[in-house]
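For reference, the chains in residue letters:
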Amino acid sequence: MGPQTAFCHNPECPASGKVGEGNIKVHSLKERRYRCETCGKAFAETKGTALYRLHKPVEVFCLVLTLLSHGCPVRAIVAAFGLDERTVSDWVGKAGKHCEAVHEHLVRDVELGCAQADELWVKMVGRRVWMAMGVAVPSRLWLGGAVSQHRDMRLVETLARMVRATAPSPGLLILTDGLSSYVRAFRKAWRQPLRTGKVGRPRLVEEPGLLLGQAVKQYERRRVVGVAHRAAIETLEAIEAALGATGSGEVINTAYIERLNATFRARLAGLARRTRSLARRQELLEAGMWLVGGAYNFCTPHHSLRVEAGGGHKWQERTPAMAAGLTEHVWTMRELMHYQVPLPEWVAPKRRGRPLKQCRQPVESLAA
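Residues numbered from 1 in each chain as written. Predicted model: local features only at pLDDT ≥ 70, side-chain atom pairs only at ≥ 80, totals over all residues. Heavy atoms only, no water.

### Some points on the nonpolar core
If you look at the biggest cluster of nonpolar residues, it comprises 76 residues, and the most contacted ones within it are Phe61, Met131, Leu285, Phe298, Leu336 and Met337. In this structure, Cys114, Val137, Ala215 and Leu243 belong to the second largest nonpolar core, which totals 10 residues. (Core = buried A, V, L, I, M, F, W, Y, C linked by side-chain atoms within 4.5 Å. Buried < 20%, exposed > 50% of the residue type's maximum accessible area, 1.4 Å probe, protein only.)

### Some details on the sheet that holds strand β1 (residues 24–28)
A sheet is described by the order of its strands in space; here three strands give the open sequence β1-β2-β3, paired in antiparallel fashion. In this open sheet, the two edge strands, each paired with only one partner strand, are β1 and β3 (42–44). Recorded for the sheet is a direction-independent mean angle of 40° between the axes of neighbouring strands. Pairing of β1 with strand β2 (residues 33–36), which is carried by four bridges, proceeds in the antiparallel orientation. Within β2, the residue paired with Ile24 across the bridge is Cys36. (Pairing = 2+ DSSP bridges. Helix = DSSP H or I, 4+ residues; strand = E, 2+ residues; numbered from the N terminus. Axes fitted to C-alpha atoms, helices over the stretch in contact; angles between N-to-C directions.)

### Notes on the sheet that holds strand β6 (residues 141–148)
Pairing is mixed in the open sheet, where six strands are placed in the order β6-β5-β4-β7-β10-β11. Two strands in the sheet have a free side with no partner beyond their single neighbour: β6 and β11 (224–233). Shown here is a sheet whose adjacent strand axes are inclined to one another by a mean of 20°, direction ignored. Pairing geometry for strand β10 (residues 210–219) and β11, over eight bridges, is antiparallel. Of the residues in β11, the one forming a bridge with Gln214 is Arg230.

By themselves, these observations are geometric and do not establish any function.
In structure tokens form, the structure reads like this:
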């Protein structure tokens, strides 16, 4: 146990979310609990993680999540470990929410260079939904995803906001397919209010530096017979120059995001083209998407990202998070599930009513 890296989880405590303040002490070494000296509250070591209030061994929990993130059906896990199907579904939901929180906290301020976005349909029990995702081409970093019942503007705008929240600067090349909603959605995500100090709502101005190219596939008898390259934002020459600078190819393409879609179809049982392990609830599908995405970013070494380590034929395996500079080592599933997302800083509540008497004394003395 390390009190130096723990923080208080009480939202009403002034030291909430602060690390290294010296207010965290060991409350029970046997039960692995801490105590905050500021507010006097005790909490478990796993508070704020996916391991909190887990009634099964941690090794079994992490092993099941590893199998699920590599495409193992739930029924196979139930038969192998003797677990209840509702328990496995609850673990997926808990791990998915945790991975989403870790993604929102860590995947920020990443130099993307070039990003690709695409959507794929997912067959569920009795219906079909759409899943939109994005990927950074140089680091192969998964930028997040969204699930919707319709392939509409709301789905694309959600993905565009995720990409904009990840990029620290507005200068970015984005490659998509021929869906016209991408142009409007990314233009809207790249707008910022122009504050002039005048009364009223500020005018929204599009930030410079956004490049958007589209690869429009041409079909004949349900077969792709050609691809047309279109510059939706800026010129085709500027997009080709950005492609060469980021090493994303010579022409506008969506090969990297389509390859990522294939990875998700192989790792998430409900996304397979022909399967009997269909998802029943959209919330569970979203949780599985975040679980697979978190394991892909932090726990899975990518073959194309490895670098030479010393002389000879030695290679250093790297994950997309390592290539993006978010971490320095390959995470294990237990390390991912045990990561604690810091809480926002405590803000003192505003006091309503008349000011206190001691607060009025300086004013009265100044008036005298």
